[in-house]
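A closer look at the structure
One letter stands for each residue in the lines below.
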Amino acid sequence: MTASTISKVQSRDPVERLEKHILEYIHHCTLHVKKMAENRIQLAKAQMAEFKALEDFEQIATPSQWNIHLMLKPKVKLCSTKNKNKTIATKRVEYDLPPKFISKIDLTFKIDESIVNKDEIQATYDEMRKITKDFRTQAMKLYVQSLEREYELLSNEIKRIIQGFPSENDDGFDTEAGCAAFKHRTASRGRAKQSRTFRRPDSYPITGRGFLAPAIINQANIKLTEQEHQLLRLGPRFIFDDPKTAARRRTTELVTLKRKLEARFFEKKVSPGRPVEQFIAELDVLLQNLHNYPPTTKKRIQFNKTQTNKSFDTLSSIIQLSQSSQSQNIIRPRKKKNYGRIVKRLKYKIHLANTVLRKTDKSKVFHLGKVEHYQKKSEEYMDNTKAYQCLGAIDPLPDLIQRTNKYLLDLRLAKWITQKQYEQLSIKSNEVELAHLYYLPKAHKLGTPLRPIISGLKHPTVKISKFLDDLLRPLFDQMALNSTVTSGFELVKQLQQWSRNNFKQDTIFCTIDVTDLYTMVPQIEGVLSLRKMLDQLKLKQVGKLKVETIIRLSRFVMTNNYFSYNGQ
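Residues numbered from 1 in each chain as written. Predicted model: local features only at pLDDT ≥ 70, side-chain atom pairs only at ≥ 80, totals over all residues. Heavy atoms only, no water.

Under an unreviewed UniProt entry, the name given to the protein is Reverse transcriptase domain-containing protein, and the source organism is Rotaria magnacalcarata.

Structure, rendered in C-alpha cells:
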C-alpha cells in the first residue's frame, strides 16, 4: 500500500464520522414530523369510522333517540374542549410555563438605594420574588383544579345521558337497533378521541407508559412508593439491564452452551475437540469485557477514538451540542433509575408483609395477595378434589430417579425400546428436580379463585412425557380435526357455515367449563382412553415404537407425578 493511499484512508475517517453526526442530527430533528404524520393518519381513520357509525345511527334511530343525540352532541364537543384545556394546563405545570394571565403578574417596586443599604434592598427583592412565585404556584394550582372540576362534572352528565339512553320499545318503534348503533358510535368516538390525545415527545419510544401501561392488582393493600408502583406497572415481561447479574450467570450459561454444542457433535458422531473449547473461551473473554466495562468507561473509550482530527471534532461537537440543546428544549432528561435497588427493597417489603407476588391468569399483570389467602384457597382446592396425598417431609426424588432409570433399562433389555431411545430418555441425578405446585390468581373472577399450575420442566419423567407427546400429538390432532377449534377466527368461520342450515330462532349458544379438569381425569381411565384411540386407528406401532410400549410408558408417567408444595 502506498503512502498516498494511507493518507486518503486517514482523511476519510473523520469525514465519515462527520457525515454520521449530520445524519443523526437530521434524523433527530425530523422525528416529530414522522410521528405527526402517523398520528394524522390514525386520526383520519378514527374519524372515518365515527362518521360511518353516525350514518348508520341516523338511519335506524327512533325520534326520541335522535333528539337525545342532538342534545348530547354539543355537550360532547364542549367536553372534548374542556379535556384539552385540562391536559394543556397540566403540561404547563409540568414544564413550568404558566399562561399569560398568571405570568404577567409580577410584584415589584423601586427602592431608594441612597437611603436603604444594599443588603436590605437585596433581601426585599428576594421577598418580592418569593411572593410572586408563591402567587403563581397557588394561582396555577387553583386554575388546574377548576378545569378538572369542569371536565369531571361535564363527563358525569354525559355518562348519565348515555346510561339513560332509551333501549326499550316505545310508541311502536324498535329501539334495540338504534341503541346498538348508538353504542357502536360511542365506541368509535372514543377511539377518535384517543387518537387526538396529546403525547409528550419523550413518550414515543417508551412502552408501558400512560393508559396503555399494564396495571397492578394490590389485594394485599401494601403501601408502595411511586418508584415501586411504576416498576410493577411495567409488567412481568420487563427486564432491566443489570451487568453484575449477567456476569454471575455467565459461567453457568457457558457450561450449558458447551454441553449442548458437544451433544450436537456427538449426534453426528464427530468429536468436538479443541474448536468448541476455544470458542467458549473466546466468548467468555468477550462477555467478561462487556460486563466489566461500566458505562462511563465505554463512553470514555469511544470519546478517545474520535480525537484524531481536531478541526472535524470541533465541528462534530458543535452539531452534537446543538442537538443536545434542542433535545433539552423538547425532552426533559430523566434521571436513570436504580432498578436493582428498587427490586431489593420491594422483595424485602413483600416478604415483611407476608405477601405473594404473582402474575394473573388472563391479563398477565402483577397481583399482590396475602399468603393466608393462598394457603386457604389451596387447602379448599385439595379438599374438594381429593386427588392428592401428602407425603409429609419424605422426599420421593431419589427413589423416583432410581425407578425411572431401572424401568427404562428393563424395557431396553426386553427390546421394547432401542439403545438410542434408552439414552434419550434416561436421566442423571444432577439434572433433575421434583416438580412444584404454584397458583395463578384469577383476578377477573369473583373472589379471586386460584388456578393450579404444576411446573415439571426438570421432573424425572418429563423426558418420557415429551417423547410420548411428540409421537401422539399429530395423531390426536388429525382425529380431532373436525371437532376442535384452534382460533377465534376459525370459530366464527365454522359458525357461519353451520348457521346456514341449522340456525333457528330458538337456538341458544352456551359454553361449558370443566372444574379442575386436570385432577378430574382418572389415571386408569386416561390410559384406557389412549389405548382406545390407538386401537381405533388400527396401529401396531407409532414411530417404530410398539403400542404396548407406549401404554406402559404412559402409565408410568401418570402414576409418578409427584410434586412439592409449601415444603411438603
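Moving on from the coordinates now.
This paragraph deals with the overall build of the protein. What the protein contains, in helices and strands, is 19 helices and eight strands. Out of the 568 residues belonging to the protein, those deemed buried represent 24%. Long-range pairs, those at least 24 residues apart, make up 69% of the contacts in the protein with a sequence separation of at least 6. (Helix = DSSP H or I, 4+ residues; strand = E, 2+ residues; numbered from the N terminus. Buried < 20%, exposed > 50% of the residue type's maximum accessible area, 1.4 Å probe, protein only. Contact = heavy atoms within 4.5 Å.)

Turning our attention to the pattern of salt bridges. Going through the model one piece at a time under the given rule, you end up with 17 salt bridges. One salt bridge in this structure joins Asp134 and Lys130, with 3.2 Å as the shortest N-O distance. Taken together, the residues Asp134 and Lys130, both in helix α4 (residues 118-163) and four residues apart, mark about one turn of the helix. Accessibility expressed as a relative area gives 37% for Asp134, which makes it partly exposed. In this structure, Glu548 engages Arg552 in a salt bridge whose closest nitrogen and oxygen atoms are separated by 3.7 Å. Remark: Arg552 and Glu548 occur in helix α19 (residues 547-558); sequence separation between them is four residues, near one turn of the helix. With a relative accessible area of 31%, Arg552 lands in the partly exposed category. (Salt bridge = Lys/Arg side-chain N within 4 Å of Asp/Glu carboxyl O.)

Take the pairing of strand β2 (residues 355-359) next. Here β2 runs beside strand β3 (residues 366-370); their pairing, made up of five bridges, is antiparallel. Considered in β3, the bridge of Val356 is made with Gly369. (Pairing = 2+ DSSP bridges.)

What follows deals with a positive patch on the surface. A cluster of basic residues, Arg259, Lys260, Lys428, Lys458 and Lys463, forms a positive patch on the protein surface. Checked against the element boundaries, Lys428 lands in the loop between α14 (419-425) and β4 (435-441). Relative accessible area serves as the criterion here: at 52%, Lys428 is assigned to the exposed category. (Patch = residues over 30% accessible without salt bridge, like charges linked within 9 Å, V, L, I, M, F, W, Y side chains within 5 Å. Areas by Shrake-Rupley, 256 points an atom, 1.4 Å probe, with all protein chains shown as cover. Lys, Arg positive; Asp, Glu negative; His and termini not counted. Charge placed at Lys NZ, Arg CZ, Asp CG, Glu CD.)

Following the sequence through the fold, Thr448 ends up in the loop between β4 and β5 (450-455). Looking at Thr448, its side chain comes within polar contact range of the side chain of Gln219, at 2.9 Å. Those residues in contact with Thr448 that sit more than four places away from it in its chain are Gln219, His367, His373, Lys377, Pro441, Lys442 and Ala443. (Polar contact = N/O pair within 3.5 Å; in protein donor to acceptor, adjacent residues only side chain to side chain.)

Turning our eyes to something else, we now look at the packing of aromatic side chains. Under the counting rule described, the total for this entry stands at nine aromatic pairs. On the numbers, 6.2 Å between centres and 85 degrees between planes, the contact of Tyr381 with Tyr439 is edge-to-face. Residue Tyr381 is found in helix α12 (residues 371-385), and its partner Tyr439 is found in strand β4; the two are separated by 58 residues along the sequence. Taken together, a centroid distance of 5.5 Å and an interplanar angle of 90 degrees make the contact between Tyr388 and Phe563 edge-to-face. With a gap of 175 residues between them, Tyr388 in the loop between α12 and α13 (397-413) and Phe563 in strand β8 (residues 563-564) connect regions that are remote in the sequence. Taken together, the aromatic side chains of Tyr381, Tyr388, Tyr439, Phe563 and Tyr565 make up a single cluster linked through ring pairs. The ring of Trp416 is capped by Lys546, whose NZ or CZ atom sits 5.3 Å from the centre of that ring. Its guanidinium or amino end placed over the ring of Trp416, Arg552 lies 4.7 Å from that ring's centre, counting from NZ or CZ. (Phe/Tyr/Trp six-rings, centres within 6.5 Å; stacked < 30°, edge-to-face > 60°. Lys NZ or Arg CZ within 6 Å of the ring centre and 35° of its normal.)

Within β4, five of the seven residues are buried, which leaves the element mostly enclosed by the surrounding structure. Alignment of β4 against β8, held across two bridges, turns out to be parallel. Counted as the bridge partner of His436 is Ser564 from β8. Both β4 and β5 contribute to a ladder of six bridges, which runs antiparallel. Of the residues in β5, the one forming a bridge with Tyr438 is Ile453.

Leu408, Ile464, Leu530, Leu534, Leu545, Ile550 and Leu553 are the most contacted members of the largest nonpolar core, which has 22 residues in total. The set of elements that each furnish at least two residues to this core consists of α13, α14, α15 (462-479), α18 (523-536) and α19. With six residues, the single largest contributor to this core is α19. Leu408 has contacts with Ile417, Tyr422, Leu425, Ser426, Ile464 and Leu553, leaving out every residue within four places of it along the chain. Grouped together as the second largest cluster of nonpolar side chains are ten residues, Ala220, Leu231, Ile342 and Ile350 included. (Core = buried A, V, L, I, M, F, W, Y, C linked by side-chain atoms within 4.5 Å.)

This part covers the sheet that holds β3. Strand order across the open sheet formed by three strands is β1-β3-β2, with mixed pairing between neighbours. In this open sheet, the two strands that pair with only one neighbour each are β1 (217-218) and β2.

It is at 10 Å that the axes of α18 and α19 come closest, and there the two elements cross at 160 degrees. With respect to each other, α18 and α19 are oriented roughly antiparallel. As α18 runs across α19, the sense of the crossing is right-handed. Along the contact surface, α18 presents Gln523, Val527, Leu530, Arg531 and Leu534, while α19 presents Val547, Glu548, Ile550, Ile551, Ser554, Arg555 and Met558. A breakdown of the residues in the contact of α18 with α19 according to their chemical character gives seven nonpolar, two polar and three charged. (Axes fitted to C-alpha atoms, helices over the stretch in contact; angles between N-to-C directions. Parallel < 35°, antiparallel > 145°, perpendicular 65-115°, else oblique. Left-handed = near helix turned anticlockwise from the far one by under 90°. Nonpolar A, V, L, I, M, F, W, Y, C, P; charged D, E, K, R; others polar.)

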